[in-house]
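# Structure at a glance
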Amino acid sequence: QGLAALKDADEEAKAGMRQLDDASRARLKNWDISDAQTDHGNERPRVTFRAPITGIVLEKKAVEGMRFMPGEMLYQIADLSSVWVIAEVNEQDIGHIQLGSRALVTVDAYPDRTFDGKVDFIYPTLNSSTRTVQVRMEINNPKGLLKPAMFANAQIAVGKGDKVLTVPTSAVIDSGTKQ
């Protein structure tokens, strides 16, 4: 458009506009936009930007006609086929949890379902106001049932899983001096 507008201008102005055109094309090429996508004569081109990953759009900040700068976030896209569940574990229980421990997670939205996962990170800091440590569990989510920001309950397997003898509390006879 700039070259067409300067058709009656002197050669120096036309050369400057050609230089600007070449620089603009080079910048677009760096963004993987081909010349075919930008050569539309005087009409305004529509350019499709493809995301480098597949996923669900969680946040859209881009609007039509918006100007943006390099590095600015236009969309927030996430792959939800696998999600993280962050649990708050009491300080006295954190010593029993190990990386790779099995976790069973339930959510209120699906009370009859449990989701299997495993502990993949134990945060290195303690929240001094709640006296808890965050533990991250990775859960497969192939059907997309689990959504970001859902509340969940987690049961994390601890210990070696050795067999122990258990009896109901009502079966213990208390004579006063021994049980």
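Conventions and cut-offs
Residues numbered from 1 in each chain as written. Predicted model: local features only at pLDDT ≥ 70, side-chain atom pairs only at ≥ 80, totals over all residues. Heavy atoms only, no water. Buried < 20%, exposed > 50% of the residue type's maximum accessible area, 1.4 Å probe, protein only. Helix = DSSP H or I, 4+ residues; strand = E, 2+ residues; numbered from the N terminus. Contact = heavy atoms within 4.5 Å. Phe/Tyr/Trp six-rings, centres within 6.5 Å; stacked < 30°, edge-to-face > 60°. Lys NZ or Arg CZ within 6 Å of the ring centre and 35° of its normal.

## Observations concerning unusual backbone geometry
- The backbone phi angle of R131 is positive, close to 60°, even though this residue is not glycine.
- Judged by relative accessible area, R131 falls into the partly exposed class, the value being 39%.
- One non-glycine residue with positive phi stands out, namely A149, at about 75°.
- By the element assignment, A149 lies in the loop between β6 (132-140) and β7 (152-156).
- A relative accessible area of 78% means that A149 is categorised as exposed.

## Details of the side chain of R136
- Considering the arrangement of structural elements, one finds R136 in strand β6.
- For R136, a relative accessible area of 15% puts it in the buried group.
- Beyond its immediate stretch of four places on either side in the chain, R136 contacts W84, V85, I86, K118, V119, D120, F121 and Y123.

## A word on the packing of aromatic side chains
- Here the structure, examined in full by the defined rule, presents two aromatic pairs.
- Here F121 and Y123 contribute two aromatic rings whose centre-to-centre distance is 4.9 Å and whose plane-to-plane angle is 80°, an arrangement assigned as edge-to-face.
- Take F121: its relative accessible area is 32%, and that puts it in the partly exposed class.
- In this structure Y123 comes out as partly exposed when scored by relative accessible area, which is 24%.
- Taking the ring centre of W84 as reference, the NZ or CZ of R136 above it sits at 3.8 Å.

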